[in-house]
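Structure at a glance
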Amino acid sequence: QKEVEQDPGPLSVPEGAIVSLNCTYSNSAFQYFMWYRQYSRKGPELLMYTYSSGNKEDGRFTAQVDKSSKYISLFIRDSQPSDSATYLCAMSAFGNEKLTFGTGTRLTIIP
Amino acid sequence: DTGVSQNPRHKITKRGQNVTFRCDPISEHNRLYWYRQTLGQGPEFLTYFQNEAQLEKSRLLSDRFSAERPKGSFSTLEIQRTEQGDSAMYLCASSPGQGENTIYFGEGSWLTVV
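The following paragraphs examine the structure supplied in this document. The residue numbering used here restarts from 1 in each chain and proceeds along that chain's sequence as written. The lettering of chains begins at A and the numbering of ligands begins at 1, in the order of writing. Reporting in this predicted model follows two pLDDT cut-offs: at least 70 for local features of residues, and 80 or more for side-chain atom pairs to be given and counted; totals over whole chains, interfaces and linings ignore these cut-offs and use all residues. Here the side-chain values reflect all heavy atoms present in the structure, with hydrogen atoms and water set aside.

Tallying secondary structure elements over chain B gives 0 helices and 11 strands in all. Comment: elements are numbered from the N terminus, with helices defined as DSSP H or I runs of at least four residues and strands as E runs of at least two. Of the regular secondary structure in chain B, the N- to C-terminal order runs β-β-β-β-β-β-β-β-β-β-β. For chain B, the C-alpha radius of gyration of 13 Å lies close to 13 Å, the compact-globule estimate for 114 residues. Oriented by its inertia axes, the alpha-carbon framework of chain B measures out at about 40 × 25 × 25 Å. Summary of the burial criterion: residues with accessible area below 20% of their type's maximum are buried, those above 50% are exposed, and those between are partly exposed, where the area comes from a 1.4 Å probe applied to protein chains only. In chain B, which comprises 114 residues, the share counted as buried stands at 48%. Put simply, the radius of gyration uses C-alpha atoms, and a globule should come to 2.2 Å times the residue count raised to 0.38.

This is how it looks when you write it as structure tokens:
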């Protein structure tokens, strides 16, 4: 079993919908949680960074961490076609240490 | 552009040849990381440096792989005697360290071994 599980999708939603992306993990030592967006044949772009449990909001994006359930989520409000990409969750036990990634969820926003 | 820079962006090589990738991190970032990503998978950690010191290497990093960061600035990743299974995107990332934990990635170097 992988340390980080993420549904690979693909996920297609109409423009303007709320998107929910999720990851589960098994390593209780993870404390730092990140979401990256990756366009085709490009490097991952950092979207959200969260330490420990709680919520964090940045514009149309909200990241949630529930350490008790070992479950993290990314919500995208008012989704746009430009949000179409692969979304990767990543986490680490210590800051600046190696990241363990999920497989990524491929998202398509339909105009 | 002050992001993480990787060169070359694409490399096609014959099996058995050696290849080298270069990474220039964001200025003054102390930590530098190498990852490998294959199609449909998330990036997998290979190794990372704190300044010029290589602090950790993954079991994925076979003896044919070597990484250096000689002056604590740019880094190189060399793959010797390439195999078709080495075909992947090699990603470099950097982080400020010193209490700031965000890690930024470059655009990657695509390797195709034929």
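Structure's up, so let's keep going.
Classification of ring pairs uses Phe, Tyr and Trp, with its six-membered ring standing for Trp, and accepts pairs whose centres are within 6.5 Å; under 30 degrees between planes counts as stacked, over 60 as edge-to-face, and the remaining range as tilted. Overall, the coordinates contain 14 aromatic pairs over all chains when judged by the stated rule. Members of the aromatic cluster, joined through ring pairs, are Tyr 36 and Phe 101 of chain A together with Tyr 33, Tyr 35, Phe 45, Tyr 48 and Phe 105 of chain B. Positioned above the aromatic ring of Trp 110 of chain B is the side chain of Arg 41 of chain A, whose terminal nitrogen or guanidinium carbon lies 4.2 Å from the ring centre. Geometrically, a lysine NZ or arginine CZ counts as sitting over a ring once it is within 6 Å of the ring centre and also within 35 degrees of the ring normal. Seen from the ring of Phe 74 of chain B, Arg 22 of chain B lies directly overhead, with NZ or CZ sitting 3.9 Å from the centre.

Accessible area lost upon the coming together of the parts serves often as the stated size of an interface. Whether two residues are in contact is decided by their heavy atoms, any of which lying within 4.5 Å being enough. Listed per partner, the contact involves 28 residues of chain B and 19 residues of chain A. By buried area we mean the combined loss of accessible area, with a 1.4 Å probe, across both parts when two parts are placed together. Where chain B abuts chain A, roughly 1900 Å² becomes buried across the two surfaces, and 49% of that area is made up of carbon and sulfur atoms. Per-residue buried area on chain B facing chain A is highest for Asn 101, Ile 103 and Phe 105 of chain B; these three make up 27% of the total on that side. Salt bridges are counted wherever a side-chain nitrogen of Lys or Arg sits within 4 Å of a carboxyl oxygen of Asp or Glu. Put simply, chain B and chain A have 2 salt bridges between them. Here Glu 97 of chain A ties to Arg 31 of chain B by a salt bridge, and the two come within 3.2 Å at their closest N and O atoms. We define a polar contact as two N or O atoms separated by no more than 3.5 Å, with the added condition that, inside protein, one atom must be a possible hydrogen donor and the other a possible acceptor, whereas residues neighbouring each other in sequence contribute only through side-chain atom pairs. Put simply, chain B and chain A have 8 residue pairs in polar contact (both at pLDDT 80 or more) between them. Of all elements in the fold, only strand S4 (31-37), strand S5 (44-50), strand S9 (88-95) and strand S10 (104-105) of chain B reach the threshold of two or more residues within the side of chain B that touches chain A. Among the elements that make up the side of chain B that touches chain A, the one with the highest residue count is S4 of chain B (4 residues). Residues are grouped as follows: nonpolar covers Ala, Val, Leu, Ile, Met, Phe, Trp, Tyr, Cys and Pro; charged covers Asp, Glu, Lys and Arg; every other residue, Gly included, is treated as polar. Of the residues that constitute the side of chain B that touches chain A, the class distribution is 11 nonpolar, 12 polar and 5 charged.

Turning our eyes to something else, we now look at the sheet that holds strand S7 (residues 61-66) of chain A. Residue and element names in this part refer to chain A. Overall, antiparallel pairing links the 5 strands, which are arranged S1-S3-S8-S7-S6 in an open sheet. One side of each edge strand has no neighbouring strand; the edge strands of this open sheet are strand S1 (4-5) and strand S6 (54-58). Whether two strands pair depends on DSSP finding at least two bridges between them. As defined by bridge partners, S1 adjoins strand S3 (residues 19-25) across 2 bridges and the pair is classed as antiparallel. Looking at the pairing, Val 4 lines up with Tyr 25 of S3.

Here we take up the sheet that holds strand S8 (residues 75-79) of chain B. All names here are of chain B. One open sheet holds the 4 strands; their spatial order is S1-S3-S8-S7, and the pairing between them is antiparallel. At either end of the open sheet lies a strand with only one pairing partner, and these are strand S1 (5-7) and strand S7 (65-68). Averaged over neighbouring strand pairs, the angle between their axes works out to 15° when direction is ignored. With 4 bridges connecting them, S7 and S8 associate as antiparallel partners. Counted as the bridge partner of Glu 68 is Thr 76 from S8. Lines fitted to C-alpha atoms define the axes, with helix axes restricted to the stretch in contact, and inter-axis angles between N-to-C directions lie between 0 and 180 degrees.

Moving on, we come to the state of the cysteines. Residues and elements named next belong to chain A. Disulfide: a pair of cysteine sulfur atoms within 2.5 Å of each other. Counted according to the given criterion, the structure contains 2 disulfides over all chains. Put simply, Cys 23 and Cys 89 are joined by a disulfide, and their sulfur atoms are 2.0 Å apart. Note on the Cys 23 and Cys 89 pair: the S-S dihedral is about -100°, so by sign convention the disulfide is left-handed. Of this pair, Cys 23 sits in strand S3 while Cys 89 is found in strand S9 (residues 85-92), placing the two residues 66 residues apart along the sequence. Judged by relative accessible area, Cys 23 falls into the buried class, the value being 1%.

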